[in-house]
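Survey of secondary and tertiary structure
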Amino acid sequence: RKRVNDHSRFLHLGKTISRSIENNGLFQPVLLPRTRQTEYLVLIDETNPNSQLVKLFEYLAQELKKQNILIEKYYYRKEPKLCYRFNDTGSISLEKLFTRHENHILLIFGDAHQLIDKKQPVFNSEYMALLNRWQHKAIVTPVSFADWETKEKTILMPHVPVFPVDMEGLLLMSEYLSDDEHSSDITARLNQHRSLFYKVQGYHFETIKGLEVYCNQAKWAIRKDYRHSVNILFQWIAALAVYPKISWEVTIAIGKSILDRYDCGNELNFTNLLRIVRISWMQEGRFPDAIRFELLKRLDTENEKLARETMLELLKEIPAGEIKESSMAFEEKEVQQIINEFSLYANDPSYYTTYKESKGLFEKLWKDKKLNDPVTEQYFNNTGQDWKTTINATTTDDSITNVGVAEYFETNEKQDTILSKLYLWLCLISVFVLVASLFALIILYKWKTGTDRDPNELAYIQDVLSNML
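The structure reproduced in this document is the subject of the present report. (Residues numbered from 1 in each chain as written. Predicted model: local features only at pLDDT ≥ 70, side-chain atom pairs only at ≥ 80, totals over all residues. Heavy atoms only, no water.)

Looking only at helices and strands, one finds 19 helices and 13 strands in the protein chain. Residue burial in the protein chain is summarised as follows: out of 469 residues, 43% are buried. The long-range fraction of contacts in the protein chain, counting pairs at least 24 apart against all pairs at least 6 apart in sequence, stands at 63%. Accessible surface, the protein chain as shown: approximately 26800 Å² in total, 53% of it carbon and sulfur. (Helix = DSSP H or I, 4+ residues; strand = E, 2+ residues; numbered from the N terminus. Buried < 20%, exposed > 50% of the residue type's maximum accessible area, 1.4 Å probe, protein only. Contact = heavy atoms within 4.5 Å. Areas by Shrake-Rupley, 256 points an atom, 1.4 Å probe, with all protein chains shown as cover.)

Below, the discussion takes up the packing of aromatic side chains. Within this structure, the stated rule accounts for 26 aromatic pairs. Feature note: the residues F342, F362, W366, Y379, F380, Y408 and F409 constitute an aromatic cluster, connected by ring pairs. If you follow R275 out to its NZ or CZ, it ends over the ring of Y198, 4.0 Å from the centre. (Phe/Tyr/Trp six-rings, centres within 6.5 Å; stacked < 30°, edge-to-face > 60°. Lys NZ or Arg CZ within 6 Å of the ring centre and 35° of its normal.)

Right, let's get into empty space enclosed by the protein. Evaluated as defined, the whole model comprises 1 cavity of 30 Å³ or more. When its volume is computed, the largest cavity comes out at roughly 40 Å³. Lining the largest cavity are L240, K245, I246, S247, V250, T251, M282 and F287. A breakdown of the residues in the lining of the largest cavity according to their chemical character gives 5 nonpolar, 2 polar and 1 charged. (1 Å grid on protein atoms, 1.4 Å probe; cavity = no way out; pocket = protein on both sides within 12 Å on 5 of 7 lines; lining within 4 Å. Points joined across faces, edges and corners; volume = space filled by probe spheres on them. Nonpolar A, V, L, I, M, F, W, Y, C, P; charged D, E, K, R; others polar.)

In this structure, W281, L295 and F362 are the most contacted members of the largest nonpolar core, which totals 127 residues. Beyond its immediate chain neighbours, meaning those up to four positions away, F362 contacts I338, I339, F342, L371, F380, V405 and F409. (Core = buried A, V, L, I, M, F, W, Y, C linked by side-chain atoms within 4.5 Å.)

What follows is about the layout of surface pockets. If you add up the space inside the second largest pocket, you get close to 530 Å³. The wall of the second largest pocket is formed by 24 residues, among which L53, D111, P142, V143 and Q283 lie closest to the centre. Classifying every residue of the lining of the second largest pocket by side-chain character gives 7 nonpolar, 9 polar and 8 charged.

Shown next as structure tokens:
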């Protein structure tokens, strides 16, 4: 929010009077430059629209706006030569952007590798001429400082200041931009805080082991007790697997639920969101089936229930009529709601009794193979009970055991068969009692209305009928 000097100047009356008094009444005007609030032009790399890095950059820009920082936001795909606004069909070139925002500070949110010449490892001369029009500019890269290589250090940095998007990098950028001389050595300053940065390259994010090692870098997330240790950050990531797609809203909502359970809601912050979106498949915006399946297997049951409850809340927030009932999106929403409701009902039918209807709906989808979610099907199948799910069944001795879907429905069918037979016998007995009662009443009526009957004989028959009933 620092104010900067404008090109125009104005007469400062107070200082002019003071100066004139000091000069024994000789008029000497004092002209001062007008100042204006610093404005920023932000270009966000949206090469992959579903990349969670894009969502993080949007979140950062939104937070800056909340602090009354003036920001004009544009996007670019593949090449920054042409930019566009959100939901704007047209595009605008960098040349026209300069004519509109020449006094802005230019910030490029992305790794900016497109600025490097494709034929040789040097800064592209065309981009250099375009970017040099802006007096103040910087690159905010998602690449962790611990992973910086030649591209960042040797090619980009000499021409445009580069800062990692980590909080330490943003603070350094703020300090750098407020220094009119720009005399500080960025790399040297970052090296002073090297221990605060962590490596991202080299981890196999499509394996459980790679993810666990990566999450263990976050020391705050490790909780130990006399039973076992748990990494809250890993559980947060694993909980995202209850939904088949990568979504920023799901990441935030489920993260809040998981963190609140462990009394560390303050960890739902920019730093930890950055750590999550740096995972390769989060950057790509896709959920690999293999790692999603393994994450579900490693997800704590209570956290899974919490994640599914959160998903149901998110699905309920979709306004009625927002999605056409004939669309694929509506069908997907309905199926996801059935999956989550059934999962919770199968875990505790007494507590989640309101979801009972979804049991039959899920069974039909399961048998007709219309879940359209192979990972969930594989996870719930769990034929040999090799991992723990939310699905429980009551055995013959009234104990609760964790089972696969097939065994769950088979057990319920057996219980339904036994109950049906019991209800049938009770029904038959009731019918027999009813018929016998009616027959006895008819006989009793005839005896009472008979005029030639001996009263003693009639009393005897009444006693016999009473005993029968």
